[in-house]
Amino acid sequence: MRRIVVPEPVSRAAVWSRRCAVFGLVLTGIAIVASRAGVFDPAEALAVLATAMVFGLAAPIFALRALVVVWRTGRPGIGPALGGTALAILLLAYPTWLAIKAMPMPDLHDITTDATKPLVFATSAKAVTARRGATHEQPPEAATRLQSAAYPDVKPVTIDLPPVEVYTMIVSLIGARRWAIVDQQPPTARLPQGRIDAVARSLVMGFADDVTIRITGVSASQSRVDIRSASRAPWTDLGSNAFRIVEFSNALQAAVDEQ
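Presented here is an overview of the structure given in this document. This is a predicted model, so every value here is computed, not measured.

The rules we used
- Residues numbered from 1 in each chain as written.
- Predicted model: local features only at pLDDT ≥ 70, side-chain atom pairs only at ≥ 80, totals over all residues.
- Heavy atoms only, no water.
- Helix = DSSP H or I, 4+ residues; strand = E, 2+ residues; numbered from the N terminus.
- Buried < 20%, exposed > 50% of the residue type's maximum accessible area, 1.4 Å probe, protein only.
- Core = buried A, V, L, I, M, F, W, Y, C linked by side-chain atoms within 4.5 Å.
- Contact = heavy atoms within 4.5 Å.
- Salt bridge = Lys/Arg side-chain N within 4 Å of Asp/Glu carboxyl O.
- Expected span 1.5 Å × (residues − 1).
- 1 Å grid on protein atoms, 1.4 Å probe; cavity = no way out; pocket = protein on both sides within 12 Å on 5 of 7 lines; lining within 4 Å.
- Points joined across faces, edges and corners; volume = space filled by probe spheres on them.
- Nonpolar A, V, L, I, M, F, W, Y, C, P; charged D, E, K, R; others polar.
- Axes fitted to C-alpha atoms, helices over the stretch in contact; angles between N-to-C directions.
- Parallel < 35°, antiparallel > 145°, perpendicular 65-115°, else oblique.
- Left-handed = near helix turned anticlockwise from the far one by under 90°.

Observations regarding unusual backbone geometry
Right, so step 1: Even without being a glycine, His136 presents a positive backbone phi close to 55°.
Right, so step 2: Here His136 is to be found in the loop between helix 4 (125-131) and helix 5 (141-150).
Right, so step 3: With a phi close to 60°, Arg178 is a non-glycine residue in the positive phi region.
Right, so step 4: Examined against the element boundaries, Arg178 turns out to sit in the loop between helix 6 (163-176) and strand 3 (180-185).
Right, so step 5: On the accessibility criterion, Arg178 (78% relative accessible area) is exposed.

Looking at the nonpolar core
Right, so step 1: Ile159, Ile170, Ile213, Val225 and Phe248 are the most contacted members of the largest nonpolar core, which has 30 residues in total.
Right, so step 2: The set of elements that each furnish at least two residues to this core consists of strand 2 (157-159), helix 6, strand 4 (193-201), strand 5 (208-219), strand 6 (222-231) and helix 7 (240-258).
Right, so step 3: For this core, the leading source of residues is helix 7, giving seven residues.
Right, so step 4: Setting aside residues no more than four positions away along its own chain, Val225 makes contact with Pro156, Val157, Ile159, Val166, Ile170, Ile213, Arg214 and Leu252.
Right, so step 5: By size, the runner-up hydrophobic cluster in this structure holds 11 residues, among which are Leu27, Ala31, Ala45 and Phe207.

What to know about the pattern of salt bridges
Right, so step 1: The final tally for this structure, using the stated rule, is 11 salt bridges.
Right, so step 2: Salt-bridge contacts for Asp114 lead to Arg214; the nearest nitrogen and oxygen are separated by 2.9 Å. On the criterion of sequence distance, the pair formed by Asp114 in the loop between strand 1 (110-112) and helix 4 and Arg214 in strand 5 is long-range, its members being 100 residues apart. For the pair shown, Asp114 and Arg214 are each scored as buried.
Right, so step 3: Salt bridges sharing partners connect three or more residues here, namely Asp114, Arg214, Arg224 and Asp226.

Quick look at helix 7
Right, so step 1: Counted at 1.5 Å a residue, the expected span for helix 7 with its 19 residues is 27 Å, and the 27 Å between its end C-alpha atoms agrees.
Right, so step 2: Among the structural elements, strand 1, strand 2, helix 6, strand 4, strand 5 and strand 6 are those in contact with the buried residues of helix 7.

Some points on empty space enclosed by the protein
Right, so step 1: Per the counting criterion, the structure on display carries one cavity of 30 Å³ or more.
Right, so step 2: Roughly 30 Å³ of internal volume is contained in the largest cavity.
Right, so step 3: As for the largest cavity, its lining consists of Phe121, Arg131, Val182, Asp197, Ala198, Val199, Asp210 and Val211.
Right, so step 4: Put simply, the parts of the chain that give the lining of the largest cavity at least two residues each are strand 4 and strand 5.
Right, so step 5: No other element matches strand 4, which puts three residues into the lining of the largest cavity.
Right, so step 6: Classifying every residue of the lining of the largest cavity by side-chain character gives five nonpolar, no polar and three charged.

Focus: the environment of Pro140
Right, so step 1: Of note, Pro140 is situated in the loop between helix 4 and helix 5.
Right, so step 2: For Pro140 and Ala115, which are 25 residues apart along the polypeptide, the C-alpha to C-alpha distance reads 9.6 Å.

Examining the side chain of Arg131
Right, so step 1: Turning to its location among the elements, Arg131 is positioned in helix 4.
Right, so step 2: Apart from the residues lying within four places of it in its own chain, the contact partners of Arg131 are Phe121, Ala122, His136, Asp197, Asp210 and Arg232.

Describing the environment of Ala14
Right, so step 1: Structurally, the position occupied by Ala14 is in helix 1 (residues 12-36).
Right, so step 2: Assessed through its relative accessible area of 0%, Ala14 is described here as buried.
Right, so step 3: For Ala14, the residues in contact, after removing those within four places along its chain, are Phe62, Ala66, Gly77, Pro80 and Ala81.

Details of the packing of helix 2 (residues 42-73) against helix 3 (residues 78-102)
Right, so step 1: Close contact between helix 2 and helix 3 brings their axes to 8 Å; oriented N to C, the two are set at 150°. By the angle between their axes, helix 2 is roughly antiparallel relative to helix 3. Remark: the crossing between helix 2 and helix 3 carries left-handed chirality. Two secondary-structure elements touch here, helix 2 through Ala52, Met53, Gly56, Leu57, Ala59, Pro60, Ala63, Ala66, Leu67 and Val70 and helix 3 through Ile78, Ala81, Gly84, Thr85, Ala88, Leu91, Leu92 and Pro95.
Right, so step 2: Among the residues making up the contact of helix 2 with helix 3, the classes are represented as 15 nonpolar, three polar and no charged.

In structure tokens:
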């Protein structure tokens, strides 16, 4: 007589550990794709991400419960529990790094190289539409002082070239970074001041930051470049706007030095 062996069921906690981790990863993917496609605004994308993080935190909790069950009863479930934990670590690693990075960062989201003569974003129909209602009022004096202390490297760039040449170089650098130009006014011999407004996006979530660059002719052969970069979300930018300005300024200076 053949003996039928009924396999012992896998620990339900182990199964739920893996399910939570997988669902959290799916939600994260949805948040990233929808944010980059412009379907979600930053608040909506972060809300979905927060939900994903809850599932990510639940996965190792279920895994610990599964390990207890496996230890006491001998039921299978080690594989799904460890798999859920590994996926949860993958899911939570980047947000955890961001949280650690945010701790020493000042609560700033609008950075400028010129607080005395503020840079104003373009008001053309195309620029306003591209900003999706973001007005970007001038930062208060307290924020300016906080910026000076936190980001001393954010400074205007003085270049020994006429404004027209500097303008051309800046357009080239913007194109290399794939920023979307939404308004521009090149300098001329009669009016040696130009301006470029563009939209830059963050690497992972694709959050839109608005950038305006002002080129001012100091003399016939010298120009000053000021940059303002502002996030549309009204919370700390984790230093991204300051980094963008410094990186762009260094790239511009390097391009000048190569000439």
